[in-house]
Amino acid sequence: MSRPSSRSTLYRLIEAGQLAHKALLLPLMERGLEPGDDAILFELARSGTTEAELAAELGLGEEALAARLSRLLDRELVTRQAVGPELAAGVALTERGRRIRNGLADHWAQLEDALMGELKPKQRKKLAERLKRFVDLLRL
């Protein structure tokens, strides 16, 4: 069995993952948000939804989501509104929430471009497929 090396691809993948995670957290912290708040903002960008639907989509319990939404409501990033044909109670992004979500998305895109920018479309697809396969193997 070979010894782990800082020159190995796996080591560099772990290092890149940790640094990318930190880089993605930075704009959240600068805006007074917590990890996971971005997932809510991204999900709500599609359209308004009920809290139950949002909790299910994010894999959160309704109580955990309620605490996060309360904080986002206080920061005026989301608002309560009726959604759907039945006008069920739901939540949606405010204009401020949209701006912050767009800024976070731009930051994500810059990191993605730093990773994939020099690759040709076919190479990007192959890399994405291989990383997905690797993640799937690790989940077993």
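In this text the structure is predicted, and so the values were computed from the model without any measurement.

Asker: What should I look at first to understand the pairing of strand β3 (residues 88-93) in this one?
Answerer: In this sheet, β3 lies alongside strand β1 (residues 49-50) in antiparallel orientation, the contact comprising two bridges. Looking at β3, one finds that Thr49 is bridged to Val91. As judged from the six bridges shared by strand β2 (residues 78-83) and β3, these two strands associate in the antiparallel manner. Following the sheet pairing, Gln81 is matched in β3 by Gly90.

Asker: What is the right way to read helix α1 (residues 9-30) from this model?
Answerer: An α-helical turn contains 3.6 residues, so any two residues separated by three or four positions project in the same direction. Here α1 contains 22 residues, and its C-alpha end-to-end distance of 32 Å stays within 8% of the 32 Å for a straight helix at 1.5 Å per residue. Looking at α1, one finds that the buried residues are Leu25, Pro27 and Leu28. End-on, the buried residues of α1 take up no more than an arc of 155°, which puts them together on one face. Residues of α1 that are exposed and point over 90 degrees away from its buried face: Leu19, Lys22, Met29 and Glu30.

Asker: Help me understand the sheet that holds β2 in this model?
Answerer: By definition, the strands of a sheet pair up through backbone hydrogen bonds, in either a parallel or an antiparallel sense. Read across the sheet, three strands follow the order β1-β3-β2 without closing on themselves; strand pairing throughout is antiparallel. Of all strands in the sheet, those with a lone pairing partner are β1 and β2, marking the two edges.

Asker: For this particular structure, what's the right way to read the packing of helix α2 (residues 37-46) against helix α5 (residues 95-116)?
Answerer: Geometry of a packed helix pair, given as the angle between the helix axes and the separation of the axes. It is the contact of α2 with α5, at a shortest axis distance of 10 Å, that shows an interaxial angle of 110°. Relative to α5, the element α2 is oriented roughly perpendicular. Here Asp38, Leu41, Phe42 and Ala45 of α2 come into contact with α5, specifically with Ile100, Arg101, Leu104 and Ala105. When the residues that make up the contact of α2 with α5 are grouped by side-chain class, the tally is six nonpolar, no polar and two charged.

Asker: Hey, could you run me through the pattern of salt bridges in this one?
Answerer: Pairing of side chains with opposite charge becomes possible as their charged atoms draw close. Scanning the entire structure with this criterion turns up six salt bridges. Put simply, Glu95 and Arg98 hold a salt bridge, and the shortest N to O gap is 4.0 Å. Placement of the pair is Glu95 and Arg98 together in helix α5, with a separation of three residues, close to one helical turn. One connected set of salt bridges, linked through shared partners, spans Glu34, Asp37, Arg68 and Arg71.

Asker: What's the story with a nonpolar patch on the surface in this structure? I'm lost.
Answerer: A contiguous nonpolar patch, built from Leu10, Leu13, Ile14, Leu131, Phe134 and Leu138 and spanning about 520 Å² of accessible area, is present on the exposed surface. Elements supplying a minimum of two residues to the nonpolar patch: α1 and α6 (121-139). For Ile14, a relative accessible area of 46% translates into the label partly exposed.

Asker: Looking at this model, I keep getting lost on a positive patch on the surface. Mind explaining?
Answerer: A grouping of Lys122, Lys126, Arg130 and Arg133 is seen on the molecular surface, where their side chains present a positively charged patch. Here Arg130 shows up in helix α6. The exposed category is assigned to Arg130, whose relative accessible area is 52%.

The rules behind each value
Per chain, residues are indexed from 1 in the order of the written sequence. Given that this is a predicted model, residues contribute local features only at a pLDDT of at least 70 and side-chain atom pairs are listed and counted only at 80 or more, while totals for whole chains, interfaces and linings are drawn from all residues. Side-chain calculation: all heavy atoms of the structure are included, whereas hydrogens and water are not. By the convention used here, strands pair only if DSSP detects at least 2 bridges between them. Numbered from the N terminus, helices here are DSSP runs of H or I no shorter than four residues, and strands are runs of E no shorter than two. For a helix, the expected span equals 1.5 Å multiplied by the number of residues minus one. Note on classification: 1.4 Å probe, protein chains only; a residue is buried when its accessible area is under 20% of the maximum for its type, exposed when over 50%, partly exposed between these limits. This arc is built from the directions going out from the helix axis to the C-beta atoms. Interaxial angles span 0 to 180 degrees and are taken between N-to-C directions of axes, which are lines fitted to C-alpha atoms, for helices over the stretch in contact. Working definition: roughly parallel below 35 degrees, roughly antiparallel above 145 degrees, roughly perpendicular at 65 to 115 degrees, and oblique for all remaining angles. Contacts are residue-level and defined by heavy atoms, with any inter-residue pair within 4.5 Å sufficient. In the scheme used here, Gly and all other residues not listed as nonpolar or charged are polar, with Ala, Val, Leu, Ile, Met, Phe, Trp, Tyr, Cys and Pro taken as nonpolar and Asp, Glu, Lys and Arg as charged. The working definition used for a salt bridge is a side-chain nitrogen of Lys or Arg within 4 Å of a carboxyl oxygen of Asp or Glu. For patch detection, residues must exceed 30% relative accessible area and be free of salt bridges, and they are connected within 9 Å for like charges or within 5 Å for nonpolar side chains (Val, Leu, Ile, Met, Phe, Trp, Tyr). Only the protein chains shown count as cover for residues, with accessible areas throughout obtained via the Shrake-Rupley method and a probe of 1.4 Å. Note on charges: Lys and Arg go in the positive column, Asp and Glu in the negative column, and His and the chain ends are not counted at all. Where a charge lies is defined by one atom per residue type, namely NZ (Lys), CZ (Arg), CG (Asp) and CD (Glu).

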